[in-house]
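Understanding the architecture of this molecule
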Amino acid sequence: MHKILRYPLQALNYTLFMLLVWYFSAAPPYAQLQPDQAVITVAFSHAGERREECRQLSREELEKLPPNMRAPMDCPRERSPVKVQLLLDGELLLEEVARAPGLYSDLGVDIYRTAKVPAGKHTLSVQMNDNMRVEGPTYTHEQTVTLEPAQLLVVNFNSETGSFIIQ
Amino acid sequence: MYTVSKRVNPVKRMYLLLEEWFTLSFGADWNPLYHLGTLTFFFFWVVLISGLYLFIFFDTSIAGAYASVEHMTHQQWYAGGVMRSLHRYASDAAVVTILLHMFREFALDRYRGFRWWSWLTGVPTLWFVITLGITGYWLVWDELGLYVAVLSSQLMDSLPVMSGSMARDFLAGQLTDRLFTLMGFLHLLGQPILLIFAVWLHVKRLSHVEVSAPRGLAVGSLLALLVLSLLAPATSHAPAELSKVPAVLHLDWFYLNVYPLLDQWPATRVWMLTTSVTLLLMLMPWLPPKKTGPAAEVHLDECNGCGQCAEDCPFDAISVQARSDDSRWENEVVVNPEQCAACGICVGSCHSSNPFRHAKKTLETGIDMPQFPIDEVRARTVAALDELSGDTRIMLFGCDNAADIDSLRSPDVAVLSLFCTGMIPPTLVEYAHRHGADGVFITGCRTGDCYFRLGNRWLDQRFAGRRKPALRQRAQRDRIRVYRAAETDTARLRRELAAFQRDMAALKQEASVPGTRGEAEIADA
Ligand code: HEM
Ligand code: SF4
Ligand code: SF4
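Residues numbered from 1 in each chain as written. Chains lettered and ligands numbered in written order. Predicted model: local features only at pLDDT ≥ 70, side-chain atom pairs only at ≥ 80, totals over all residues. Heavy atoms only, no water.

Next up on the list: the nonpolar core. In terms of nonpolar packing, the biggest core is built from 92 residues, with F43(B), W138(B), W141(B), Y147(B) and L256(B) touching the most fellow members. At eleven residues, helix α4 (residues 77–107) of chain B tops the list of elements feeding residues into this core. Apart from residues lying up to four places away in sequence, F43(B) is in contact with F17(A), A90(B), A93(B), A94(B), T97(B), S221(B) and L225(B). Listed in part, the 58 residues of the second largest apolar core include M369(B), M395(B), M423(B) and F463(B). (Core = buried A, V, L, I, M, F, W, Y, C linked by side-chain atoms within 4.5 Å. Buried < 20%, exposed > 50% of the residue type's maximum accessible area, 1.4 Å probe, protein only. Helix = DSSP H or I, 4+ residues; strand = E, 2+ residues; numbered from the N terminus. Contact = heavy atoms within 4.5 Å.)

Time to look at the packing of helix α5 (residues 116–139) of chain B against helix α8 (residues 176–202) of chain B. Residue and element names in this part refer to chain B. Running from N to C, α5 and α8 cross one another at 160°; their axes reach a closest spacing of 9 Å. Between α5 and α8, the angle falls in the class roughly antiparallel. Two packed elements cross with a definite hand, and for α5 against α8 that hand is left-handed. Within the contact of α5 with α8, the residues separate by chemical class into 15 nonpolar, eleven polar and no charged. (Axes fitted to C-alpha atoms, helices over the stretch in contact; angles between N-to-C directions. Parallel < 35°, antiparallel > 145°, perpendicular 65-115°, else oblique. Left-handed = near helix turned anticlockwise from the far one by under 90°. Nonpolar A, V, L, I, M, F, W, Y, C, P; charged D, E, K, R; others polar.)

Here we take up the confidence of the model for chain B. Any region with low pLDDT has predicted coordinates that should not be read closely. Residues and elements named next belong to chain B. Per-residue confidence for chain B averages 94 on the pLDDT scale, and 96% of its residues sit at or above 70. pLDDT under 50 marks residues 1–5. Its contacts with residues more than four places away, or in other chains, come to eleven contacts. Low pLDDT, under 50, characterises residues 516–525; the stretch is placed with 21 contacts to residues that sit more than four places away or in other chains. (pLDDT = per-residue confidence, 0-100.)

This part takes up the coordination of the iron atom of ligand 1. All names here are of chain B. The coordination sphere of the iron atom of ligand 1, as far as protein atoms go, consists of H101 (NE2) and H202 (NE2), spread over 2.0 Å. Relative to the metal, the six donor atoms surrounding the iron atom of ligand 1 lie at angles of 84 to 179°, and the coordination shape comes out octahedral. Taken together, the residues H101 in helix α4 and H202 in helix α8 connect sequence positions 101 residues apart. Overall, the relative accessible area of 25% leaves H101 in the partly exposed class. Looking at H202, the relative accessible area reads 17%, which means it is buried. (Donors = N, O, S within 2.8 Å, 3.2 Å for Na, K, Ca; no water. Tetrahedral: all angles 85-135°; square planar, octahedral: opposite > 155°, others 65-115°.)

Right, let's get into the interface of chain A and chain B. Across the boundary between the two partners, chain A contributes 34 residues, which contact 47 residues of chain B. For the pairing of chain A and chain B, the buried interface totals around 3500 Å² over both sides, and the portion due to carbon and sulfur atoms is 65%. Among the residues chain A hides against chain B, the three largest losses belong to Y14(A), Y30(A) and Y112(A). Together they make up 21% of the total. For the pair chain A and chain B, the interface holds two salt bridges. Within the residue set of the side of chain A that touches chain B, elements represented by two or more residues are α1 (3–24), β1 (30–31), β2 (37–46), β7 (109–118) and β10 (152–158) of chain A. The element best represented in the side of chain A that touches chain B is α1(A), accounting for twelve residues. When the residues that make up the side of chain A that touches chain B are grouped by side-chain class, the tally is 24 nonpolar, seven polar and three charged. Of the strand pairs in this sheet, β1(A) and strand β1 (residues 248–249) of chain B are connected by two bridges, and their pairing is antiparallel. Looking across to β1(B), one finds that Y30(A) is bridged to L249(B). (Buried area = accessible area lost by both parts, 1.4 Å probe. Salt bridge = Lys/Arg side-chain N within 4 Å of Asp/Glu carboxyl O. Pairing = 2+ DSSP bridges.)

Moving on to the sheet that holds β10(A). The strands making up a sheet associate through hydrogen bonds between their backbones, and the pairing can be parallel or antiparallel. Residue and element names in this part refer to chain A. Read across the sheet, four strands follow the order β7-β2-β10-β11 without closing on themselves; strand pairing throughout is mixed. The sheet is open, and its two edges are formed by β7 and β11 (163–166), each paired on a single side. Neighbour-to-neighbour, the strand axes of the sheet open up by a mean angle of 15°, direction not taken into account. When β2 meets β10, the two strands line up parallel, connected through four bridges. Residue pairing across strands places V39 opposite L152, the latter belonging to β10.

A separate point is the pattern of salt bridges. All names here are of chain B. Tallied over the entire structure, the rule returns 31 salt bridges over all chains. Put simply, D449 and R104 hold a salt bridge, and the shortest N to O gap is 3.0 Å. Note that D449 is positioned in the loop between β8 (439–442) and α17 (455–463) and R104 in helix α4, a separation of 345 residues in sequence. Like D449, the residue R104 is buried in the burial classification.

This is the structure:
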């Protein structure tokens, strides 16, 4: 083909190339949320209670142990899993059961869960069980929240005070 | 219009059609599909230079980043804004050329066998590019940057190596600043260095790797990027707010395509998918593997250590070292069989491959292919020519990786397929003339391309007298034709061959006095 005729074809190719680049550099738009949705994220770390209670060792038991390991209390290191439930207007929204990590299941758990909810006024209740020896929740919290569209509400837990913080 | 050989698979056929379209538009020299590596380098240059400009005005603190980018985009649209757009669009264009580059190597089956290294190292290189783009979007610190940051933290959290929760600390505002600084460091320094290293590894087993795109393509691409940057400048989303989740995001799908998956799947599953795809891609050279023939062998008796073969080897498989025998020559060459592609190009490079030598005994050369030695090439050329019964006799040389030439065999046309036409020592052409060929017709991979990278280029340079061993001045160039054709170009090849036959018949008639043509004594080289 004659060289001059090639230039319009080249222009066409460059145009197609740039259209491709331009389009996919910002489109199609991705709708993470519907216009009337908000997000609730449950995010905290917490160490569950020990699975078994510490126990006073008897004299005979203590004598069986090597002298350098004779601690009067036997505390198994394993911790209970942490179970969290989030209820929105009485309905279950999120549930997570997190096993204690670590070689001896003795570390704290990290909870990070997200849910999309309709914006507006809601009753939010959180229930947590961190002790296998107890039936039912060990911590609960209920609060009324008003969510703006696109708002991010974080449900946090302070292990020291034993209280949930919703903000 | 074309008779398409049935063996050509649909992917390859699709690729060859695309290639044809680009040759039509750009000519073979500028066909962008032949320059995807250098085009990618070119886009990297644009990214680097525009990036340096952005860096001057960019505020690397989390508090000031967004405003500084906004300032460039709006108050300084004619410079900073254009630079920002060039930075973004050239990065996107690079992904397009890399994907095309992968598609090409795949479609042409150039990813297995001796090419395993290039393919294997290419895959992580692609990931380095993608992650470089991801940190880039993070640094804008708009809603998109926040989105990228939050989801990346979730991805990191799901890895067993991390203790604690990045995503949580991030939301609590504890990590936000520190991560931002880390991303700045990665994007501006760490990742580019890693990428350069990865690309260096990627082309390590190749020689004569071009780094600059042909000027025509560079100018055209830069103009196109500039026009796009002026017509559709890159912009930001609203500024990042930790207490908000942006409803609609204008994702750059070239870089951020994995993130929406995190909406549907847990992070561990996203990792599993991306890891499996990556592993699968990396294993492709062995699914199934492709055998490479035996490596070239050096025959020191015929080698004077000139180093031409080492210079020509496309796969950097030959090295020159001090002589190990007691000959008078200073150097010798050694083939690294691990890296040898069995292309035979070195055989064409060696002046000892001259078929006029050792006329009565086995033709030995300095470097040879054990599975198809030059002596056999010579013998089969002669045998094929001897079988011809037509009036105008054509010797047709082709290669195993382009148009199938077997179907072109006829009483007038003798064919011999080689590993690569770069395997042809120019003296072989003269030799064929001497042994009764009225014309020598050479075909092979399409002009601008070569299955073994450099065979076509070296053949052209040898014939033009610009590369050793050069076709001699006295060779009858009017009785040589080079016309290159892919598997799907057989009809065109057939037409071109017929035209050449007519031309040779006419030449023969012109030179009606017998014995005046091509009979000059040709001395040993
Ligand atoms: C940053 C991205 C990349 C750049 C800049 C790049 C660049 C190059 C260059 C310059 C060559 C040499 C071409 C030649 O001179 O013949 C090449 C060859 C090759 N590349 Fe890449 N490449 C990139 C990514 C990839 C990827 C992602 C893959 C595949 C997974 C890949 C697979 C190959 C293969 C198979 C070859 C063939 C080598 C040969 O011809 O023997 N590359 N690349
Ligand atoms: S056959 Fe090809 S790859 Fe092997 S040494 Fe010769 S030129 Fe190099
Ligand atoms: S081209 Fe031939 S003579 Fe020269 S170094 Fe290679 S093998 Fe030896």
